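# Reading the structure
The lines below spell out each chain.
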Amino acid sequence: MSLTWHGRPCRSRGFTLLEIVVVAGIFAIFGLLAFGSLNRLLQQDGILRASAERLQELQFAVRYMASDLYQAQPRPVRDLLGDSRVPAMVSGAASEFPLEFTRGGWSNTIGARRPTLQRVAYLIDDGSLVRVYWQVLDRTLGSQPVRIALLDGVEQMTIRFMDSTRAWQTDWPPLNTGGDPQGQLYARPLAVEFVLVMEDFGQIRRVVELSP
């Protein structure tokens, strides 16, 4: 006995050209959207990395300057001609630099014949915070300074000094030392405030208390 099946034969149906074009278009749209999102993420990541690096540069420069001030020493130096002495810390209209002082703790790992005290200065030059130092304390006309640019994008720097009466002074040494020239040569403030006006971060203020 045989069984006979009278159903229609099964035939596979493929995609038409129009369907393939539509699917390809949909995938292309999704690909463009995904690429745009990835591109925006990469741009944001680059911006965040640049901001983090910029912040590290700012923190490094502020710490460097604060570290110098922490170690300020009451050691005046001779002027360039050797006729008189320049105060241990000096700032103001008559000063060559916005801030100049003697600091201690100058590392000497190679045992060079030089003091552990160092004469340093800070200024703003062409939009950069620049640290200047000399290889000798009592420099002459032939002494060449070493200049290091610590931070760019600096529009302005202002400095104030807290005197022994806890009043803020814009010049140092202060004028209220009772006319004592020795007092002016060795005078150190209780604290120094420096303010950096940045192009991107705005105003950065730091107060450094000097060690007694």
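Further up the page is the structure itself.
What you are looking at is a predicted structure, and each value in this text was computed from that prediction instead of being measured.

## Looking at unusual backbone geometry
- Cis geometry marks the peptide bond from Trp-172 to Pro-173, where omega comes out at 5°.
- Tracing the backbone through its elements, the reader meets Pro-173 in the loop between strand E9 (168-169) and helix H2 (181-186).
- Of note, Asp-126 is a non-glycine position whose phi angle comes to about 55°, a positive value.
- Topologically, Asp-126 is positioned in the loop between strand E5 (118-125) and strand E6 (128-133).
- Of note in this structure, Arg-166 is not a glycine but carries a positive phi near 65°.
- In this structure, Arg-166 sits in the loop between strand E8 (154-162) and E9.

## A closer look at the packing of aromatic side chains
- Under the defined criterion, the tally for this structure stands at three aromatic pairs.
- Ring centres 5.8 Å apart and planes at 70° place the aromatic pair Phe-97 and Trp-134 in the edge-to-face group. With Phe-97 in the loop between strand E3 (89-90) and strand E4 (99-103) and Trp-134 in the loop between E6 and strand E7 (146-152), this residue pair connects regions lying 37 residues apart in the sequence. Across the pair, Trp-134 and Phe-97 agree in class, each one buried.
- Relative to Trp-172, the ring of Phe-161 lies with its centre 5.6 Å away and its plane at 35°, an arrangement referred to as tilted. You can see Phe-161 sitting in strand E8 and its partner Trp-172 sitting in the loop between E9 and H2, a full 11 residues away along the chain. No difference in accessibility class separates Phe-161 from Trp-172, as the two residues are buried.

## Regarding the pairing of E6
- Extensive coverage of E6 is indicated by the burial of six of its six residues.
- Neither face of E6 is open: one carries Ser-128, Val-130 and Val-132, the other Leu-129, Arg-131 and Tyr-133, and all of them are buried.
- In this antiparallel pair of consecutive strands, E5 and E6, the connection spans two residues, and Asp-126 shows a positive phi of 55°.
- Examined bridge by bridge, E6 and E7 share six bridges and lie antiparallel to one another. Note on E7: the bridge partner recorded for Tyr-133 is Val-146.

## Some details on the environment of Val-195
- Note that Val-195 resides in strand E10 (residues 191-198).
- Expressed as a C-alpha distance, the spacing of Val-195 and Met-157, which sit 38 residues apart in the sequence, is 5.6 Å.
- In contact with Val-195, not counting residues within four places along its chain, are Gln-156, Met-157, Thr-158, Gln-203, Ile-204 and Arg-205.

Conventions used here
- Residues numbered from 1 in each chain as written.
- Predicted model: local features only at pLDDT ≥ 70, side-chain atom pairs only at ≥ 80, totals over all residues.
- Heavy atoms only, no water.
- Helix = DSSP H or I, 4+ residues; strand = E, 2+ residues; numbered from the N terminus.
- Phe/Tyr/Trp six-rings, centres within 6.5 Å; stacked < 30°, edge-to-face > 60°.
- Buried < 20%, exposed > 50% of the residue type's maximum accessible area, 1.4 Å probe, protein only.
- Pairing = 2+ DSSP bridges.
- Contact = heavy atoms within 4.5 Å.

It is worth stressing that arrangement in space is one thing and function is another; only the former is reported here.
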